[in-house]
Amino acid sequence: MRTRDRCLFTLHIAAVLIFSAYSLDICVTDNSGVRCGDGNHVRLTRIQGNEVGHVQKIDTNDTQGSVTLTTLNTKPLVIEAESFLSPEECDYFVQMAKDEGLKESETVLNQPENQRFVLRDHDGNKKLSVREMRHTIQGSFDVFLEDEDILKLYKETGWDKNGDELITNGELKSFTPMMLQAEIQKIVKANPEKHSRMSKQVWLYPDRSKDKVFAEVQKRVAKVVGLPLELIKLSDFQVVSYGIKGHYNAHWDSARVEPKVPCCTRERTKQCRICRYMTILFYLNDVEEGGETAFPVANNSTLDYQTMMEKDLVDLYRKCEESPLKVSPAKGKAVIWYNHFVDDANGWLGPLDEFTFHGGCPVKNGVKWIANFWVKTTDHKIKDLKKMQKFYKASTEKQPKMSKEEL
Ligand code: OGA
Ligand code: FE2
């Protein structure tokens, strides 16, 4: 083959491959009924928030009748829906969680095997100030101490030999990260609220058991957010409870796009990043006091990590009041936001919306129950479509007739 022919041949093969990768016959069920096509008709969409205060009512044609959406914020887009769930549905999920059994929530850094001692010498002067030591401990152990805690630690351990409240390289040598870890553990054992997160949680998989209540809620979610039911069925569902002082410091529910790291799925949980297109957070009870969901960088003109560190914006346990956007819990209410933008080209998972940085303020009185309904995709549209197709097929296949023995 001549070089030119070989080039043409390669182009031809590439075109066939690209074409076949995107031509998948798929049907999905969305607000306009069942729609079939080659896959290009399935795109991630967003609710139109318009401006703050914008209200829209969506008929759900189910037991709840309708859901009213109110735009609370546009950067990031945050939408509230009162009475998305009925009180009975809320109680049902709480009971389901209790039956399954909740466990103490962990963050990645809570687990000793993931702890790495990272010095945060912000000004590079080879000495750690009290604030830099606080940030070092936050970054290494996910524990949020006060300046007084640090000074107490120095006093008790004698690490700050000359008492100048600065830790030099020489002083650092006298204590190992292991020794520091042991001290930190003592502190959080006595004060668990110093952890970045203090809550209990359980993952529920109601979709695996054909749960009727959950199936109805999934349909309602699909209707309200305007995404295919088959995509909604790929979602994760987690119930979380917080007691007094329970909180969750600010974080992102999803991860920044990194093309070399694949998205996590139920099958792939190692060496992957979390890809949650949107969050629908349900409040499952009325909280007596506190427990708001806060967005500490909402409406900032830029997102600047240095300011975030300087102002300790992560630390919602202490800085919740200063948050520019807070949503109060109410039984049955949903708060909805998009962790990612949509990629214009393929209509699938785009960049992380970093302004969705958020967390749960401390509960001051009472208890707080929430459910996270995370609409997930991967960065591989075609694989997601294939999974969705399975759900579509399962819902349209005739139920097999029962045999006599089963009757
Ligand atoms: C979460 C979360 C906020 C809240 O569970 O990921 O952000 O208000 N919760 O509990
Ligand atoms: Fe969250």
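For the structure itself, look to the data block above.
Worth saying up front: this structure is predicted, and the values here are computed from it rather than measured.

Each value, and the rule that gives it
- Residues numbered from 1 in each chain as written.
- Chains lettered and ligands numbered in written order.
- Predicted model: local features only at pLDDT ≥ 70, side-chain atom pairs only at ≥ 80, totals over all residues.
- Heavy atoms only, no water.
- Axes fitted to C-alpha atoms, helices over the stretch in contact; angles between N-to-C directions.
- Helix = DSSP H or I, 4+ residues; strand = E, 2+ residues; numbered from the N terminus.
- Parallel < 35°, antiparallel > 145°, perpendicular 65-115°, else oblique.
- Left-handed = near helix turned anticlockwise from the far one by under 90°.
- Contact = heavy atoms within 4.5 Å.
- Nonpolar A, V, L, I, M, F, W, Y, C, P; charged D, E, K, R; others polar.
- Salt bridge = Lys/Arg side-chain N within 4 Å of Asp/Glu carboxyl O.
- Buried < 20%, exposed > 50% of the residue type's maximum accessible area, 1.4 Å probe, protein only.
- Near = heavy atom within 4 Å.
- Polar contact = N/O pair within 3.5 Å; in protein donor to acceptor, adjacent residues only side chain to side chain.
- Areas by Shrake-Rupley, 256 points an atom, 1.4 Å probe, with all protein chains shown as cover.
- Donors = N, O, S within 2.8 Å, 3.2 Å for Na, K, Ca; no water.
- Pairing = 2+ DSSP bridges.
- Expected span 1.5 Å × (residues − 1).

Engineer: What am I meant to see in the packing of helix α2 (residues 87–100) against helix α7 (residues 212–225) here?
Structural biologist: The relative placement of two packed helices is expressed as an angle between their axes plus a distance between the axes. The interhelical angle for the contact between α2 and α7, taken along N-to-C directions, is 125°, at an axis separation of 11 Å. Comparing the axis directions of α2 and α7 gives the class oblique. Between α2 and α7 lies a crossing whose hand is left-handed. Residues Glu 89, Tyr 92 and Phe 93 of α2 pack against Val 213, Phe 214, Glu 216, Val 217 and Arg 220 of α7. Split by residue class, the contact of α2 with α7 holds 5 nonpolar, no polar and 3 charged.

Engineer: Help me understand the pattern of salt bridges, please; the structure alone is not making it clear to me.
Structural biologist: When their charged atoms lie close together, side chains carrying opposite charge are able to pair. Per the stated rule, a full pass over the model turns up 20 salt bridges. With its nearest N and O atoms 3.4 Å apart, the salt bridge here joins Arg 266 to Asp 236. Taken together, the residues Arg 266 in the loop between β12 (247–251) and β13 (276–283) and Asp 236 in strand β11 (residues 236–242) connect sequence positions 30 residues apart. Looking at Asp 236, the relative accessible area reads 10%, which means it is buried. A salt bridge links Arg 273 to Asp 379; the nearest nitrogen and oxygen atoms lie 2.7 Å apart. Here Arg 273, found in the loop between β12 and β13, pairs with Asp 379, found in the loop between β22 (368–376) and α11 (381–396); they are 106 residues apart in sequence, far enough to count as distant. Here Arg 273 falls in the buried class, since its relative accessible area comes to 5%. Sharing partners across several salt bridges, the network here consists of Asp 62, Glu 89, Glu 216 and Arg 220.

Engineer: Just checking my understanding: could you explain the site of ligand 1 for this structure?
Structural biologist: Of all residues adjacent to ligand 1, which total 14 residues, the nearest are Tyr 242, Thr 293, His 358, Lys 368 and Asn 372. Lys 368 places a polar side-chain atom, nitrogen or oxygen, 2.7 Å from an oxygen atom of ligand 1. Note that an oxygen atom of ligand 1 is positioned 2.9 Å from one of the side-chain N or O atoms of Asn 372. In isolation ligand 1 exposes 290 Å². Once the protein is present, 99% of that is buried. Mapped by element, the contributors of at least two residues to the shell around ligand 1 are β12, β20 (358–360) and β22. The biggest single contributor to the shell around ligand 1 is β22, with 4 residues. Residue classes in the shell around ligand 1 are distributed as 5 nonpolar, 6 polar and 3 charged.

Engineer: What should I look at first to understand the coordination of the iron ion (ligand 2) in this one?
Structural biologist: Tetrahedral coordination by four donors puts the ideal angle at the metal at 109.5 degrees, and octahedral coordination by six puts it at 90 or 180 degrees. Those donors, His 251 (NE2), Asp 253 (OD) and His 358 (NE2), are the protein atoms that reach the iron ion (ligand 2), and they lie 2.1 to 2.2 Å from it. Donor residues binding the iron ion (ligand 2) come from one chain and are separated in sequence as H-x1-D-x104-H.

Engineer: For this particular structure, what's the right way to read the packing of helix α3 (residues 130–141) against helix α4 (residues 147–157)?
Structural biologist: Between α3 and α4, whose axes approach to 9 Å, the crossing angle comes to 95°. Comparing their axes, α4 and α3 come out roughly perpendicular. Residues Val 130, Met 133, Arg 134 and Ile 137 of α3 touch α4, and the partners they reach there are Asp 147, Ile 150, Leu 151 and Tyr 154. Classifying every residue of the contact of α3 with α4 by side-chain character gives 6 nonpolar, no polar and 2 charged.

Engineer: For this particular structure, what's the right way to read the sheet that holds strand β6 (residues 103–104)?
Structural biologist: Whenever strands of a sheet pair, they do so through backbone hydrogen bonds, lying parallel or antiparallel. One open sheet accounts for 9 strands, arranged β3-β4-β5-β17-β13-β22-β11-β10-β6; its pairing is antiparallel. Across the chains shown, the open sheet's two edge strands, defined by having one partner strand only, are β3 (55–59) and β6. In terms of strand pairing, strand β5 (residues 77–82) meets strand β17 (residues 334–338) through 4 bridges, oriented antiparallel. In the sheet register, Glu 80 faces β17, and the bridge partner there is Val 335. Its contacts with the sheet put α7 on β3, β4 (66–74), β11, β13 and β22, and the angle it makes with β13 is roughly 120°.

Engineer: How do you make sense of α7 when you look at a structure like this?
Structural biologist: Structural remark: α-helix, 3.6 residues per turn; residues separated by three or four positions point the same way. Here α7 is 14 residues long and its end C-alpha atoms lie 20 Å apart, about the 20 Å a rise of 1.5 Å per residue gives. Turning to α7, its buried residues number three or more, namely Phe 214, Val 217, Gln 218, Arg 220, Val 221, Ala 222, Val 224 and Val 225. Two residues or fewer past α7, Gly 226 is found with a positive phi of approximately 75°.

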